[in-house]
Amino acid sequence: MDEQERANQAAIARKRQAELAARGVRVVSVTWVDNSGVTRVKAVPIDRLDHAAQWGIGASPVFDSFLFNDFVITGRHAPGAVGDLRLHPDLDRITVLAAQPGWAWAPADRYDQEGVAHPLDQRTLARTATAKLAEAGFTARAAFEVEWAISEPGEEFRPAVSGPAYGHARLVARSDYLRDIVAALADQHVSVDQIHPEYAAGQFEISVAAGDPVFAADSTVLVRETIRAVSAHHDLRVSFAPKVLADGVGNGGHVHLSLWRNERNLFANGDGPCGLTREAAEFTGGILRRLPALLAVGAPSAGSCLRLVPSHWAGAFVAWGPENREAALRLVTGPAGSRSWAANLEVKCFDQSANPYLAMAGLIFAGLSGMDEQAELPDPVDVDPATLSEEERAKRGITALPGSLTEAADAFLADKRLCAGFGLPLATTIADLRRAEAEHFADASPEEIASAQRWVY
Ligand code: GLU
Ligand code: MG
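Residues numbered from 1 in each chain as written. Chains lettered and ligands numbered in written order. Predicted model: local features only at pLDDT ≥ 70, side-chain atom pairs only at ≥ 80, totals over all residues. Heavy atoms only, no water.

1. Considering the pairing of strand β6 (residues 103-112)
At step 1: With eight of its ten residues buried, β6 lies for the most part within the structure.
At step 2: When strand β4 (residues 85-89) meets β6, the two strands line up antiparallel, connected through five bridges. Bridged to R86 within β6 is Y111.
At step 3: Strand direction decides the pairing type here: strand β5 (residues 95-96) and β6, joined by two bridges, are antiparallel. Residue pairing across strands places T95 opposite W105, the latter belonging to β6.
At step 4: Counting the residues in the hairpin turn of β5 and β6 gives six residues, including G102, whose phi is positive at 90°. (Buried < 20%, exposed > 50% of the residue type's maximum accessible area, 1.4 Å probe, protein only. Helix = DSSP H or I, 4+ residues; strand = E, 2+ residues; numbered from the N terminus. Pairing = 2+ DSSP bridges.)

Here it is as structure tokens:
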């Protein structure tokens, strides 16, 4: 960010400032997501937006070393309390918040004091990964599904709606609430695909339209914070944690991803298995073989490990298959006639304790590596792998995903291509955080983990 760029940003911000003030905006929250998946924020009054756009908002680099509970780890590359970074609001994504009157929101890119992009900035990394994909001649379209559970206020989880899974009764009981969410998102130009009551107690799900990877990661932050704000208006507490209760079905954060070249969706109408093109098959193969490592960014919390159990629709096995909800990678083909635009890969094993920018970057680097390596895709799996015998699973090359954060951290650090993509300072900090979280919960019961993380994300 040189002098000219700073001046440009200030000029754009001054224009936006006037529009936003005319729409009643008094304060702008500027968010980033830390390596433990927590959305952090600083806010400025609207008349300081130009200053923030030009010079950034000061924020310590120590947030890169935060655990889910705000403890700070020390590590080889983990930043400490010395130094300063600048949060630069992305003025292209600034959004008036419908459920927080007088507020607008923008995602931040973090720079150092010299105007150089911070090497551990997760949003910058997602943008770099997307640019690498473009250099290789591809674009990606992505979206995160959001599952959440509503509770009566208080520390305990007391589901704030009853009725059967997917039951219309739940929708009727909370129809004002759900309408307010859809309306707020529409006012914020987030295009909602669908909303419904989910399986677990008090659980709902919303899905939104796909876009480029950084857009998708920004959108999922905006969607969750909007749900949180609407929930507050309805006196509800909301949990996006992977495991709200120690037993039962968790909250996923499934990622939908498709690969495109020249306006063509490479996940459909190809000569490969299930209509995949060679590029999409290799891309998928690169992700599949790296799933244990990718958990370090996609399912990165102690709660994630509780969630990833077989026969809970979480995708606990390294396998892929068309419309298979028990495979970590589900190929969503879409109905006949829609496939050229609808077919995509659903990464089911990811959840919302993930930093969505890191999750996107990890998937893209893994997919690109798969194309470099011409990764082979094993045969698709069309049953719940848990119903196969161990021998049968071994024969088909199906393994269980790692059950611990330490295993995921080790697999992540052992993957040279992922580490090269992330850069060593960020990769080692991520691994150090996962190990520290594992150690923190070394003697904890599932109930203790669920209650410690229930209200964090
Ligand atoms: N709640 C499940 C999970 O933990 C997913 C349910 C579904 O397939 O949508 O991922
Ligand atoms: Mg769901």
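2. Looking at unusual backbone geometry
At step 1: Despite not being glycine, C274 has its phi angle at roughly 55°, a positive value.
At step 2: The residue C274 is located in the loop between β13 (264-265) and α7 (278-289) in this model.
At step 3: On the accessibility criterion, C274 (34% relative accessible area) is partly exposed.
At step 4: For W313, which is not a glycine, the phi torsion comes out positive at approximately 65°.

3. Examining the environment of F215
At step 1: Mapping F215 onto the fold places it in helix α6 (residues 213-233).
At step 2: Take F215: its relative accessible area is 33%, and that puts it in the partly exposed class.
At step 3: A sequence separation of 72 residues divides F215 from A143, and the C-alpha atoms of the two residues are 8.6 Å apart.

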